[in-house]
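Residue strings, one per chain:
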Amino acid sequence: MKIAVDVMGTDYGPQELVLGAVQAVRAYGCEVVLVGDAAVIKDLLAEYKAANEPRLTVHHSSQVINMDEHPGIAVKTKKDASIVVATKLLRDKECDALVSSGSTGAAVAAALFGLGRIRGIERPAIATPIPSLTGTTVVLDSGAKVDAKPEHMVQSAIMGSVYAELMLQIKAPRVGLLNIGEEETKGNEQALATYPLLKAEEHINFVGNVEGRDINKGTVDVVVCDGFVGNVVLKFAEGLASAIMKLMKDAIMGGGFLAKLGGLLIKPAMKGLKKRLDPAEYGGALLLGVKAPFIICHGSSKAKAIKNAIGVAIDFAERDVVEHIAVNVVKSRKGNEEAENG
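What counts and what doesn't
Residues numbered from 1 in each chain as written. Predicted model: local features only at pLDDT ≥ 70, side-chain atom pairs only at ≥ 80, totals over all residues. Heavy atoms only, no water. Helix = DSSP H or I, 4+ residues; strand = E, 2+ residues; numbered from the N terminus. Rg over C-alpha atoms; globule rule 2.2 N^0.38 Å. Buried < 20%, exposed > 50% of the residue type's maximum accessible area, 1.4 Å probe, protein only. Contact = heavy atoms within 4.5 Å. Areas by Shrake-Rupley, 256 points an atom, 1.4 Å probe, with all protein chains shown as cover. Lys, Arg positive; Asp, Glu negative; His and termini not counted. Charge placed at Lys NZ, Arg CZ, Asp CG, Glu CD. Patch = residues over 30% accessible without salt bridge, like charges linked within 9 Å, V, L, I, M, F, W, Y side chains within 5 Å. Salt bridge = Lys/Arg side-chain N within 4 Å of Asp/Glu carboxyl O. Axes fitted to C-alpha atoms, helices over the stretch in contact; angles between N-to-C directions. Parallel < 35°, antiparallel > 145°, perpendicular 65-115°, else oblique. Left-handed = near helix turned anticlockwise from the far one by under 90°. Nonpolar A, V, L, I, M, F, W, Y, C, P; charged D, E, K, R; others polar. Disulfide = S-S within 2.5 Å.

Counting secondary structure elements, the chain contains 13 helices and 11 strands. At 21 Å, the chain has a C-alpha radius of gyration in line with the 20 Å of a compact globule built from 342 residues. Along the first, second and third principal axes, the C-alpha set of the chain runs to 65 × 60 × 35 Å. By residue count, 50% of the 342 residues in the chain fall in the buried class. Long-range pairs, those at least 24 residues apart, make up 73% of the contacts in the chain with a sequence separation of at least 6. When the accessible surface of the chain is totalled, it reaches about 16400 Å², and 54% of it is carbon and sulfur. In the chain, the 39 positive side-chain charges and the 40 negative ones have mean positions that sit 5 Å from each other.

Okay, structure coming up:
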């Protein structure tokens, strides 16, 4: 496996991405192509004692797309931007997957313009795993497109089901539509129009409407919503997990001798809990619906998250999720056409 990593345009600069790539090649035995300012990357490789690592190569790009730039315009005008160059490597099959933690908008635009959509998919979706009481719940879309038509939500449900089945090994994953109540008559116009389409879709295990609390309870495996709602859910979940861990720590430290003693006794368990709730453990989120494996990370991702994202990219490519999505979309379209024709 050879993974392209766009190392530019992130919150911390290329340092964390290059370090994460160094850790990944040593952990997974893969090859990584680092795309960005070659001089900066080579200096960092020397600093990390990886200048002579044969599995790490550098592909120079002279431009960067910043977070505050318009994604579509920047991708079209900055032909030598790192995300654009990395996407070309993926399109030309010089790499098997791509990892980026720069501008999400620019990454989605580069994937759409540079790779194209799987036939039958009108809008790609970002699939994000969120820890639950029973394992993992996949939420999509979590930010690829803020608005979504009912047809797009159905496509997301199909892609999310394939993701859960192949990546999480869940047989017949339960799919829920995120809503303000479980009743079929609840919700805004988008939800009311989407529900019957999901109910009629034979290639998913649709269980009906679900509420926000169901994501963490684990009563459903795949949760479908538009990108605006999904991104809010994701950021809230990450912030809440971080806040809970800090509140527990503050309570122990401020609770006197017995609380501190108890804190020492449960420290191993707390470490395990923190690891499970840490977004860095999940690496990145998969951009589903484009023609090659594409992984998007937080702009604030550090080395551990990048290393794990590369691991996710390898798994994504090896399980051939893109092809499985394409096959299932074709099946869904044929089924719908047959139903319409009676």
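So that's the structure; there's more coming.
Positive charge collects at one region of the surface, where Arg 117, Arg 123, Lys 145, Lys 149 and Lys 291 lie side by side. Topologically, Lys 145 is positioned in the loop between β6 (135-140) and α6 (150-167). Given the relative accessible area of 36%, Lys 145 is considered partly exposed.

Here the focus is the packing of helix α1 (residues 14-28) against helix α2 (residues 38-47). α2 packs onto α1 with a crossing angle of 55 degrees between their chain directions and a minimal axis gap of 10 Å. Between α1 and α2, the angle falls in the class oblique. In the packing of α1 onto α2, the handedness of the crossing is right-handed. Contact residues: α1 offers Pro 14, Gln 15, Val 18 and Val 22, while α2 offers Val 40, Ile 41, Leu 44 and Leu 45. Within the contact of α1 with α2, the residues separate by chemical class into 7 nonpolar, 1 polar and no charged.

Take the state of the cysteines next. Within the structure shown, the criterion is met by 0 disulfides. We note that Cys 30 lacks a disulfide partner, and the nearest cysteine sulfur, in Cys 95, lies 11 Å from it. Not part of a disulfide, Cys 225 finds its nearest cysteine sulfur in Cys 297, a span of 20 Å.

Here we take up a nonpolar patch on the surface. Judged by side-chain polarity, Phe 257, Leu 258, Leu 261, Leu 264, Leu 265 and Ile 266 come together as a nonpolar surface patch covering roughly 700 Å² of accessible area. Of the residues examined, Leu 264 reaches a relative accessible area of 59% and is grouped as exposed.

What follows covers the packing of helix α4 (residues 82-91) against helix α5 (residues 104-114). At a minimum axis distance of 9 Å, the contact between α4 and α5 shows a crossing angle of 40 degrees. Taken together, α4 and α5 sit at an angle that is classed as oblique. Handedness of the α4/α5 crossing: right-handed. Contact residues: Ile 83, Thr 87 and Arg 91 in α4; Ala 106, Ala 107, Ala 110, Ala 111 and Gly 114 in α5. Grouping the amino acids of the contact of α4 with α5 by side-chain chemistry returns 5 nonpolar, 2 polar and 1 charged.

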